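Understanding the architecture of this molecule
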Amino acid sequence: MAKRRLVLTFPPEVVERPVVATLVKEFDVLTNILRAQVQEGEVGRMLVELEAEPSAIRAAMRYLEELGVIVEDAIKDIDMNDELCIDCGACTAVCLPRALKIEPPEWKIELDKERCILCGFCVDACPLKIISVRF
Ligand code: SF4
Ligand code: SF4
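Quantities reported herein were computed from a predicted structural model and do not represent experimental measurements. (Residues numbered from 1 in each chain as written. Chains lettered and ligands numbered in written order. Predicted model: local features only at pLDDT ≥ 70, side-chain atom pairs only at ≥ 80, totals over all residues. Heavy atoms only, no water.)

This next bit is on unusual backbone geometry. With an omega of 5°, the peptide bond between Pro-104 and Pro-105 qualifies as cis. Take Pro-105: it is sitting in the loop between strand E6 (100-103) and strand E7 (108-111). Its identity is not glycine, yet Asp-28 carries a phi of approximately 60°, on the positive side. Note that Asp-28 resides in the loop between helix H1 (19-27) and strand E2 (30-37). Residue class for Asp-28 comes out exposed when judged on its relative accessible area of 64%. In this model, Lys-129 sits at a positive phi of 55°, which is unusual for a non-glycine residue. Along the polypeptide, Lys-129 turns up in the loop between helix H4 (121-125) and strand E8 (131-133). (Helix = DSSP H or I, 4+ residues; strand = E, 2+ residues; numbered from the N terminus. Buried < 20%, exposed > 50% of the residue type's maximum accessible area, 1.4 Å probe, protein only.)

Have a look at this one:
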């Protein structure tokens, strides 16, 4: 099994089609939606993680492209302004993958970008609003 994290950009005419269900049912690709910005009649964006045999993932990506969906590898893009951080730890409480940690003896916040799934929960949790996430 392989995993691939992708950003999908849907043209307005495709936004309402059951694309994710088709990936699961017809291509046997587990599709985990990590983030979505989808509104009727507008271009939609979705951050997904696909899990399946590599050949199934390739077939699913071809299907998406044939529908007119732009398929791009997700680039991890989380920024934190370390200089302004007060190491309060509020962001660690909402970070389920433990990409953000604060531990003794330093009690300094640490961000592991490899673990980050770009869920954005820490963006809202930070009282100083010094974290930003883009996908
Ligand atoms: S975006 Fe989500 S996974 Fe990434 S550091 Fe913030 S809370 Fe953790
Ligand atoms: S919530 Fe904000 S200020 Fe507090 S540790 Fe996290 S990034 Fe730093």
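Counted at 1.5 Å a residue, the expected span for helix H2 (residues 54-67) with its 14 residues is 20 Å, and the 20 Å between its end C-alpha atoms agrees. Within H2, the full set of buried residues consists of Ala-56, Ile-57, Ala-60, Met-61, Tyr-63, Leu-64 and Leu-67. One side of H2 holds all its buried residues, which, seen down the axis, span an arc of 155°. Summarising the contacts, the buried residues of H2 are in contact with strand E1 (2-10), H1, strand E3 (44-52) and strand E4 (70-73). Just downstream of H2, Gly-68 is the residue with a positive phi angle, here 100°. (Expected span 1.5 Å × (residues − 1). Arc of directions from axis to C-beta. Contact = heavy atoms within 4.5 Å.)

Here we come to the domain arrangement of the protein chain. Domains assigned within the protein chain are domain 1 (2-73) and domain 2 (78-133). For domain 1 versus domain 2, the distance between C-alpha centres works out to 28 Å. When domain 1 packs against domain 2, the two sides together hide about 370 Å² of surface, and 51% of this comes from carbon and sulfur. Interface area lost by domain 1 to domain 2 is led by Arg-5, Leu-34 and Arg-35, which between them contribute 84%. At the junction of domain 1 with domain 2, the criterion picks out zero salt bridges. Run the count over domain 1 and domain 2 and you get one residue pair in polar contact (both at pLDDT 80 or more). A breakdown of the residues in the side of domain 1 that touches domain 2 according to their chemical character gives two nonpolar, no polar and two charged. (Domains from an automatic or database assignment. Buried area = accessible area lost by both parts, 1.4 Å probe. Salt bridge = Lys/Arg side-chain N within 4 Å of Asp/Glu carboxyl O. Polar contact = N/O pair within 3.5 Å; in protein donor to acceptor, adjacent residues only side chain to side chain. Nonpolar A, V, L, I, M, F, W, Y, C, P; charged D, E, K, R; others polar.)

Next up on the list: the environment of Val-19. For Val-19, the location among the structural elements is in helix H1. Remark: the alpha-carbon pair of Val-19 and Val-69, spanning 50 residues in sequence, is separated by 9.9 Å. If we ignore the near neighbours within four places in the chain, the residues touching Val-19 are Phe-10, Val-14, Tyr-63, Leu-64 and Leu-67.

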